[in-house]
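Chain by chain, the residues run as shown.
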Amino acid sequence: MKSIISSVLLAFGVLLANAPATTAGALRPTDLRCEYRQDPQGLDIKEPRLSWLPVSDRRGERQTAWQLLVASSQKRLRANDGDLWDSGKVTSNQSAQIAYAGQSLASRQQCYWKVRVWNQDGRASAWSEPALWTMGLLNPEDWQARWIGSEEGAFSGDAAANLKAPLPTPRYLRKGFHLDQPIRRATVHVTALGLYELRINGQRVSDHLLAPEWTRYTHRVQVDSIEVTDLLRKGDNAIGAIVGNGWYCGSFICWPQRPRIFGDRPWLLAQLEVETTDGQRHVFATDDTWRVSTKGPLRQSGIYEGESYDARMEMQGWDRAGFNDSTWQTAALGANLKVGKLVWQRSEPIRVTHKFKPVALTEPKPGVYVFDLGQNIAGWCRLAAQAPAGAAVTLRHAEVLNPDGTVYTKNLRGALAEEHYIFKGGGKTEVFEPHFTYHGFRYVEVTGLPSRPSTNAILGRMFHTSFRDTGSFECSNPLLTKLAANIQWSQRANYMGVPTDCPNRDERTGCTGDHQFFLPTALYNMDVAAFFNKWLVDLCDDSQSARGVFADIAPYYGMFPGQSDGWGDAGIICPYEIYRAYGDTRAVSEHFEAMRRHHAFLTQTATNQIRHLEGPGDWLNLGGSAKNEVIATAYYAYLTGLMAEMAQAIGRTDDATHYRDLADQIKAAFTRAFLRPDGSIEGSSQTGYALAFTMGLVPPELKDKMSAAYAREIARFDWHPATGFIGAARLLPGLHNAGLDTDACRLVFQESYPSWLFMVKQGATTVWERWDSYTPEKGFQDPGMNSFNHIVWGTMGEYLFGMLGGIQAETPGYKDIRIQPIIADQLQWARTSYRSISGEIQTSWKKESNRLTLDVTVPANTTATVFVPTVDPSTVLESGRPATQSPDVKFLRSEKGVAVYRIESGRYSFSSKRQ
Ligand code: BGC
């Protein structure tokens, strides 16, 4: 749908493009973002943060000042009239995290904005392309809409019967209305308790799937604000919605499946606001003038179950004007619903991002067809087939196959993951796509078709939070390149509005531990800033218990209230990582009090600074773990250090001092309790050392001995990883910090079980939950706990980007960058890129006989320290001449095996003698 706004912006952009060109190569602002999103709608943040990317082809370009204009109309913005905010020229090199500081913003406000920047020579850029954000309904009084639904399926009051009651049938809701003037602009604000699909005059209003996304509904419910001007017309119109159960009242959550946790039936809330050309405002809001039916073709729907659809029950034109809804009921008004605050959809919506045509079709048993999408995904299938009326087809989804070629579904446990479709017949191809479910799968079994289907009867549609890809890693080892891609596929499949543990079995919850482990890798792979800004609210604001601890799972749904060391601690670690990657201090200050309470609980429950581990510990380890107190105390020390750093970053200096002192005390206690003079850590294998070396627990005088002890623990397992979740996340960075990259690389390139490349060699297209999810000798692991799409072993991605690629943030938000690649013996070359909040960073290294080339790109307005590996610093060339003679390269020092340089932005090509 092309809205009026976007076409006007487009025309406006053309005008700007025709404006006098800026000096070639000089700095110009691009990629304008508001709250990390492109042209977001319906905000409820009164001082949203703005960012842009200053770009240039020239070396050494820096931004020295900026000016922002925010206007209430395109016309004003075009005339450079920032009636909402004209910042004036601000001397600053900041290009992100700039809080709006203009007129206070009211509900429905449209904010058109642009920016210009000045470079180091004081030269101004042209104005950027225009961008937009809109405000949503900020006050409860703005809402005229009421929650509506159907009486059917209400809880009986008998708890035991409620548990067994069938899931509510999806509701169809509609209303016809008339507009007697042409439309100037229309916006719909919509949400559900459950999941909605909203339609106007027969068309979906957006491509947002599984909306509204999962929150703790008693605390917060997300609203979509969508511009729908193009869908309306002068004359008769209709608005209609299908509403399903989703997370709100589906059979969620596992062990045992607990139906209808948040409520008994789904509800819809929608408010369509239309401005006609005569200046009138019309509001069509959900109320008891709407009509409802539970007799539509969508018969059953559940996140785990899948869907049942009977095409014979389709109601032609139900979502268009003129439909006769006299057999429908009057919509019921929701009463006494426990609904939290209505908030905006903060992260990028869940959308289809990839489509998969089957790569193979087999028939392992007569009439049983198995389609292979070639990739393990999260999403669903589009079925396109022909059959007589009443023919029933079933789709079953699976990640892997049995040896006989049939689908293996045991590991889905209680998640049925089936679609049932009944044909209406009539000799035409019928196309079906589900609405309110999703599956984790690579294979689809189709039964019930009258004849063998063609491969294009099935199309895999992958969806997830639609963030941008930001990272890529490729190298001369195809298995490792494949592993990097597999990690990204697992990330996509598991970022479904909230970060989940898996997309397949009857679980799929916001597992806190898994996602703090994975975040350093996730940050390289994709732009997860908006996504985590949302989830941190689920975790820190909405999932903290009365004891002060963060739940083990967020959004919290009544089970696992915390504290499990390493899990709920995500509430401290994730804000810290978001701060480091994006320079986001607001994420820190908004959650600081909650973090303080969680940390206070850790202190209260420690004995002489030593903590005793609670929770799953080093989950799924293979004997390479550490004793409980080592893990819990290491975490406690680390978290305390993070609190100190974050307190400092937001100007809470007293808190910073307090946490710094405490961190020192905990470190001293750790040393006394667990470190032995020979450098070994009591009761510790790989995990203990990994934590010590990444959590600042290595006293300088013991470093060499501890490194040697660490190396012994790697050798003891014959250079295989043997940690669980806690250790895996830090195993390779730990080795790096210990100066043991040779050992780290032996682990990375290990191909025999257990190892990362072992999975890849078994044909994995995502990352498995267990080192031995499948082995040729033993087959599949215990189906009770065996997903093929878990992200935690994918934490090794940090080593690919940060160490083999050598891209690291020296300061928060990558304003200053460290480029320090590890040149692995096992590789000929590696190419790595990461689009940071400060711009695109690239490294590419290659061995060429006895020389090494290292190409580096550093974004405008940043600086970098580059560590060029060499046996002889005097041999280092940059763009063909001695690096010391390059005016843009400053030699800092030489260290063991490297020459260190300081560079400003731009592209550089180093070459050095390596042996
Ligand atoms: C999840 C894991 C999680 C673990 C620990 C499992 O059910 O799938 O990823 O970390 O529970 O509680």
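### Here we look at the sheet that holds strand β2 (residues 49-55)
At step 1: If you trace the 3 strands from one edge of the open sheet to the other, you get β1-β2-β6, paired in antiparallel fashion. Every other strand in the sheet has two partners, leaving β1 (28-34) and β6 (98-99) as the edge strands with one partner each.
At step 2: By the bridge criterion, 2 bridges tie β2 to β6 in an arrangement that is antiparallel. The residue of β6 that forms the bridge with Arg49 is Ala99.

### Describing the packing of helix α5 (residues 478-494) against helix α6 (residues 512-525)
At step 1: In contact at an axis separation of 11 Å, α5 and α6 are set at 110° when each is read in the N-to-C sense. Relative to α6, the element α5 lies roughly perpendicular. The two elements α5 and α6 cross, and the hand of that crossing is left-handed. Counting all contacts with α5, which are made through Ile487, Gln488, Gln491 and Asn494, the residues of α6 involved are His515, Phe518, Thr521, Ala522 and Asn525.
At step 2: Partitioning the contact of α5 with α6 into residue classes produces 3 nonpolar, 6 polar and no charged.

### Some details on unusual backbone geometry
At step 1: Geometrically, the link from Ala211 to Pro212 is a cis peptide bond, its omega value of -5° lying close to zero.
At step 2: Inspection of the secondary structure assignment puts Pro212 in the loop between β13 (203-204) and β14 (220-227).
At step 3: Across the junction of Gly562 and Gln563, the peptide omega takes the value 0°, indicating a cis bond.
At step 4: Position of Gln563 relative to the elements: it lies in the loop between α7 (529-541) and α8 (570-582).
At step 5: A positive phi angle is found at Asn80, which is not glycine, with a value near 60°.
At step 6: Locating Asn80 in the fold gives a position in the loop between α2 (74-78) and β4 (85-86).
At step 7: For Asn80, a relative accessible area of 39% corresponds to the partly exposed category.

### Focus on the sheet that holds strand β10 (residues 171-179)
Sheets are built from strands that pair by backbone hydrogen bonding, the pairs being arranged parallel or antiparallel.
At step 1: The 6 strands lie next to each other as β13-β12-β15-β10-β18-β21, forming an open sheet whose pairing is antiparallel. Single-partner strands in this sheet number two, and they are β13 and β21 (329-330).
At step 2: Relative to strand β18 (residues 291-293), β10 is paired through 3 bridges, and the arrangement is antiparallel. Its bridge partner lying in β18, Arg174 is registered against Arg291.

### Notes on the packing of helix α14 (residues 725-737) against helix α17 (residues 797-804)
At step 1: Axis separation between α14 and α17 bottoms out at 8 Å; the angle between their running directions is 25°. The orientation of α14 relative to α17 falls into the category roughly parallel. Contacts between α14 and α17 pair Ala729, Leu732, Pro733 and His736 from the former with Glu798, Tyr799 and Met803 from the latter.
At step 2: Here the contact of α14 with α17 is built from residues that sort into 5 nonpolar, 1 polar and 1 charged.

### Describing the packing of aromatic side chains
At step 1: Going through the model one piece at a time under the given rule, you end up with 45 aromatic pairs.
At step 2: For the pair Phe891 and Tyr901, a centre-to-centre distance of 5.6 Å together with 65° between the ring planes defines the contact as edge-to-face. One end of the pair, Phe891, is in strand β46 (residues 889-895); the other, Tyr901, is in strand β47 (residues 898-913), and 10 residues separate them in sequence.
At step 3: Here Phe891 falls in the partly exposed class, since its relative accessible area comes to 37%.
At step 4: Between Tyr908 and Phe910 the ring centres are 6.4 Å apart and the planes differ by 15°, which places this aromatic pair in the stacked class. Phe910 carries the same exposure label as Tyr908, and that label is buried.

### What about the site of the ligand?
At step 1: Surveying the vicinity of the ligand reveals the residues Asp501, Arg505, Glu507, Cys511, Asp514, Trp567, Pro616, Trp619, Phe725, Glu769, Met785 and His790.
At step 2: One nitrogen or oxygen atom from the side chain of Arg505 is found 2.8 Å from an oxygen atom belonging to the ligand.
At step 3: Between His790 and the ligand, the recorded distance is 3.0 Å, taken from a side-chain N or O atom to an oxygen atom.
At step 4: For the ligand, whose unbound accessible area comes to 310 Å², protein coverage reaches 87%.
At step 5: Looking at the shell around the ligand, its residues break down into 6 nonpolar, 1 polar and 5 charged.

Here is what the cut-offs are and how they apply
Residues numbered from 1 in each chain as written. Predicted model: local features only at pLDDT ≥ 70, side-chain atom pairs only at ≥ 80, totals over all residues. Heavy atoms only, no water. Pairing = 2+ DSSP bridges. Helix = DSSP H or I, 4+ residues; strand = E, 2+ residues; numbered from the N terminus. Axes fitted to C-alpha atoms, helices over the stretch in contact; angles between N-to-C directions. Parallel < 35°, antiparallel > 145°, perpendicular 65-115°, else oblique. Left-handed = near helix turned anticlockwise from the far one by under 90°. Contact = heavy atoms within 4.5 Å. Nonpolar A, V, L, I, M, F, W, Y, C, P; charged D, E, K, R; others polar. Buried < 20%, exposed > 50% of the residue type's maximum accessible area, 1.4 Å probe, protein only. Phe/Tyr/Trp six-rings, centres within 6.5 Å; stacked < 30°, edge-to-face > 60°. Near = heavy atom within 4 Å. Polar contact = N/O pair within 3.5 Å; in protein donor to acceptor, adjacent residues only side chain to side chain. Areas by Shrake-Rupley, 256 points an atom, 1.4 Å probe, with all protein chains shown as cover.

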